[in-house]
Amino acid sequence: MAQTGNFKSPARMSSLGDGAEISAAGSVPGGKPRETVLKGVDFERRGFLHKVVGGVGAIVAATTLYPVVKYIIPPTKEIKMVNELNVGKISEVPDGGAKIFQFNEDKVIVTNVGGTLTAVSAVCTHLGCLVTWKADIKEYFCPCHGAKYKQTGEIISGPQPKPLKLYKAKIDGDNIVVSKA
Ligand code: FES
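Residues numbered from 1 in each chain as written. Predicted model: local features only at pLDDT ≥ 70, side-chain atom pairs only at ≥ 80, totals over all residues. Heavy atoms only, no water.

**Brief notes about the sheet that holds strand β3 (residues 106-113)**
Cut-off, in case you're wondering: At least two DSSP bridges between two strands are required for those strands to pair. Helix and strand assignments come from DSSP, with helices taken as H or I runs of at least 4 residues and strands as E runs of at least 2, each series counted from the N terminus. Note on geometry: axes are lines fitted to C-alpha atoms, helical ones only across the stretch in contact, with angles between N-to-C directions running from 0 to 180 degrees.
What the 6 strands build is an open sheet, ordered β1-β10-β9-β4-β3-β2; its pairing is antiparallel. Only two strands of the sheet have a single partner each, and these edge strands are β1 (84-89) and β2 (98-103). Across the sheet, the mean angle from the axis of one strand to that of its neighbour is 30°, orientation sign disregarded. Examined bridge by bridge, β3 and strand β4 (residues 116-121) share 6 bridges and lie antiparallel to one another. Bridge pairing in β4 places Val-113 opposite Thr-116.

Structure representation (structure tokens):
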């Protein structure tokens, strides 16, 4: 850092003894006027260097923060809306079983009872929890507040205001195809 003042304070000079000399105001040690000493200092270069250091600091901060921000904010996944979709293999839903698939913006639960596929929205109409399939009693159950639905989505009991949305499900070769009802 550049020297900008007289550093020989009276207090310090008295501690140095009687032989020390106090500089006059506006001068630097050596007796030269401050203007003479600072004549060669290039203030424009110093300002430029400050900007360069600031710029490098900003770049380092940005490259450090970018991955953190990308991690915190999940990427938005674009969903292509379709009327019909091959959601998976029939082997994934054996007799008595069920599986949840993504269909457009919804989660659809496909059940298989004796080879007949049924597809309804798996999103509970109460507060949006995912329902589970109770194969032994052939009902959907919502673990959040106990809503119960029939296999075709109608309400059995619970706080839910509406039945589950019904979709069409069919087998096409080895695949399950879901479409809007
Ligand atoms: S969210 Fe399903 S019963 Fe409340």
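**Side note on the state of the cysteines**
Stated precisely, the cut-off is as follows: Any cysteine sulfur atom paired with another within 2.5 Å is treated as part of a disulfide.
Evaluated as defined, the whole model comprises 1 disulfide. A disulfide bridge connects Cys-129 with Cys-144, and the sulfur atoms are separated by 1.9 Å. Judged by the sign of its S-S torsion, about -95°, the bond between Cys-129 and Cys-144 is left-handed. Residue Cys-129 is found in the loop between β4 and β5 (132-134), and its partner Cys-144 is found in the loop between β6 (139-141) and β7 (148-150); the two are separated by 15 residues along the sequence.

**Things to note about the pairing of β3**
Note the following rule: The cut-offs for exposure are 20% and 50% of the maximum accessible area for each residue type, with area from a 1.4 Å probe on protein chains only; residues under the lower value are buried, those over the upper are exposed, and the others partly exposed.
By the criterion of burial, β3 is predominantly enclosed, with 6 of the 8 residues buried. One ladder, built from 6 bridges, connects β2 with β3; its direction is antiparallel. Of the residues in β3, the one forming a bridge with Ala-98 is Thr-111. Turn length for the β2-β3 hairpin, with the two strands adjacent in sequence and antiparallel, is 2 residues, and the turn residue Asn-104 shows positive phi of about 50°.

**As for the environment of Gly-114**
Structurally, Gly-114 is set in the loop between β3 and β4. Note on Gly-114: relative accessible area 59%, which makes it exposed. In this structure the C-alpha to C-alpha distance between Gly-114 and Gly-97, which are 17 residues apart in sequence, comes to 9.9 Å.

**Digging into the environment of Asp-95**
What counts is decided by this rule: Pairs of residues are marked as contacts when any of their non-hydrogen atoms sit within 4.5 Å. Between N or O atoms, a polar contact is any pair within 3.5 Å; within protein, one atom must be a potential hydrogen donor and the other a potential acceptor, and residues adjacent in sequence are included only when both atoms are from side chains.
Structurally, the position occupied by Asp-95 is in the loop between β1 and β2. For the pair Asp-95 and Val-113, spaced 18 residues apart in sequence, the C-alpha separation works out to 5.5 Å. Every residue in contact with Asp-95, bar those within four places of it in the chain, is listed here: Asn-112, Val-113, Gly-114 and Gly-115. A distance of 2.6 Å separates the side chain of Asp-95 from the backbone nitrogen of Gly-114, its partner in a polar contact.

**A word on the pattern of salt bridges**
Put simply, the rule is: Whenever Lys or Arg places a side-chain nitrogen within 4 Å of a carboxyl oxygen from Asp or Glu, that contact is recorded as a salt bridge.
This model, assessed by the stated rule, comprises 2 salt bridges. Between Lys-99 and Glu-92 there is a salt bridge; the shortest N-O distance is 2.6 Å. Of the residues examined, Glu-92 reaches a relative accessible area of 30% and is grouped as partly exposed.

**Some remarks on the packing of aromatic side chains**
The cut-off we apply is this: Aromatic contacts are taken between Phe, Tyr and Trp rings whose centres are within 6.5 Å, Trp giving its six-membered ring; a plane angle under 30 degrees counts as stacked, one over 60 as edge-to-face, and the others as tilted.
Summed over the entire model, instances satisfying the criterion amount to 2 aromatic pairs. Centre to centre, the rings of Phe-103 and Tyr-167 are 5.3 Å apart; their planes meet at 85°, and the pair counts as edge-to-face. A residue pair is termed long-range when its members are at least 10 positions apart, and Phe-103 in strand β2 and Tyr-167 in strand β9 (residues 166-172) qualify at 64 residues. Residue class for Phe-103 comes out buried when judged on its relative accessible area of 1%.

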